Amino acid sequence: MNQDTVARGATVRDVRGTGEESGDRKDAARRKFDRWAVSYERDRRSRFNARLQQEALAALELESDDRFLDVGCGSGAAVRAAAAVAQRAVGVDISPVMIRRAAALASEIANAEFVVGDSEALPFPDGSFTSLLCTASFHHYPNPKRALAEMARVLERGGRLVIADGARDILTARIADAILRRLDRSHIGLYRSDELAALLRGAGFTDLNVSTLYGGGYAIVRGRRSTNVERAAVREKLDPQRGERRARELD
Ligand SMILES: C[S@@+](CC[C@H](N)C(=O)[O-])C[C@H]1O[C@@H](n2cnc3c(N)ncnc32)[C@H](O)[C@@H]1O
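Residues numbered from 1 in each chain as written. Predicted model: local features only at pLDDT ≥ 70, side-chain atom pairs only at ≥ 80, totals over all residues.

A. Region of the structure containing the overall build of the protein chain. Secondary structure assignment for the protein chain yields 9 helices and 9 strands. The buried share among the 251 residues of the protein chain stands at 44%. Residue pairs at least 24 apart in sequence account for 65% of intrachain contacts in the protein chain once pairs closer than 6 positions are excluded. (Helix = DSSP H or I, 4+ residues; strand = E, 2+ residues; numbered from the N terminus. Buried ≥ 20, exposed ≤ 12 C-beta atoms within 10 Å, placed from the backbone. Contact = placed C-beta atoms within 7 Å.)

B. How the structure looks around the nonpolar core. Core analysis: the largest hydrophobic core is formed by 63 residues, its most contacted members being Val79, Ala82, Leu132 and Met151. If we ignore the near neighbours within four places in the chain, the residues touching Leu132 are Leu69, Val71, Met151, Leu155, Gly159 and Leu161. (Core = buried A, V, L, I, M, F, W, Y, C linked by C-beta atoms within 7 Å.)

C. Spatial organisation of the pairing of strand S9 (residues 218–225). Within S9, 8 of the 8 residues are buried, which leaves the element mostly enclosed by the surrounding structure. Because side chains alternate across S9, one face comprises the buried residues Tyr218, Ile220, Arg222 and Arg224, and the other comprises Ala219, Val221, Gly223 and Arg225, equally buried. With 7 bridges connecting them, strand S7 (residues 155–166) and S9 associate as antiparallel partners. If you follow Leu161 over to S9, its bridge partner there is Gly223. Pairing geometry for strand S8 (residues 205–213) and S9, over 7 bridges, is antiparallel. In the sheet register, Ser211 faces S9, and the bridge partner there is Ile220. Counted between consecutive antiparallel strands, the loop separating S8 from S9 contains 4 residues, among which Tyr214 sits at a positive phi close to 50°. (Pairing = 2+ DSSP bridges.)

D. Region of the structure containing the site of the ligand. Near the ligand lie 21 residues; those nearest to it are Phe33, Gly72, Gly74, Thr135 and Ser137. Of all elements in the fold, only helix H1 (24–36) and helix H2 (44–60) reach the threshold of two or more residues within the shell around the ligand. Considered class by class, the residues forming the shell around the ligand number 7 nonpolar, 10 polar and 4 charged. (Near = placed C-beta within 6 Å. Nonpolar A, V, L, I, M, F, W, Y, C, P; charged D, E, K, R; others polar.)

E. Just unusual backbone geometry, in detail. Even without being a glycine, Glu41 presents a positive backbone phi close to 80°. Along the chain, Glu41 falls in the loop between H1 and H2.

F. Summary view of helix H7 (residues 193–202). Of all the residues in H7, the buried ones are Ser193, Leu196, Ala197 and Leu200. End-on, the buried residues of H7 take up no more than an arc of 100°, which puts them together on one face. Those residues of H7 that are buried lie in contact with helix H5 (144–154), S7, S8 and S9. The positive-phi residue at the C-terminal boundary of H7 is Gly204, with phi of around 95°. (Arc of directions from axis to C-beta.)

Printed below as a string of structure tokens:
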């Protein structure tokens, strides 16, 4: 694993070699965002994404003791904002050019780190983070359940997660989704906001909250990784006390 210090602040690691083999859809995403990285945060389309990202970050309600991860961080705007509040702020993205730009933009920020990596094989130990963000990126993941399992793994129990992305709740979004599925190899597909919530529930997240923007064209889904107590109680339909005993056995 390589680790380079970038300027005085942010660090960047490249762990592509340790991840599993990327499919050609992920290569397409990497190529697309390597090209887009140069103008990201400046062009009209990425400034539009910025509003969704800001709303999603606010929904995470960061605190000073948070260890924050942004999955599909792009050029790192949310990591820079989170670093001003949280103890540690890390961004991971499959595009090496995005990560280089993110590190350059955060070069003065000591508690910001950037890593090249795949959302479906996150390069972090279990329970590394207390809060996790993923904006305008989830529709690029060929194995969404694997990505969510990875997000749950790197979050500590009780850790918060916010996923925000385009949503198929309205006709115009469904039309755009159908066109992009045909034309853009990196675009795997959008979900309805209730489908996103169901995916999160299936991955072990609880306290789910769904809100939409632009009349249902975008969804922000918030959840919390279940604790062992909650998981045991749900899975085995036990009363809380017996669930707690079972949870201790699971630890
Ligand atoms: C539209 S940009 C969004 C960037 C930022 N999150 C935002 O809201 O502005 C999507 C990002 O997801 C990244 N991405 C796509 N597939 C990925 C994957 N499998 N693992 C990690 N990042 C991925 C892309 O490289 C790109 O930087």
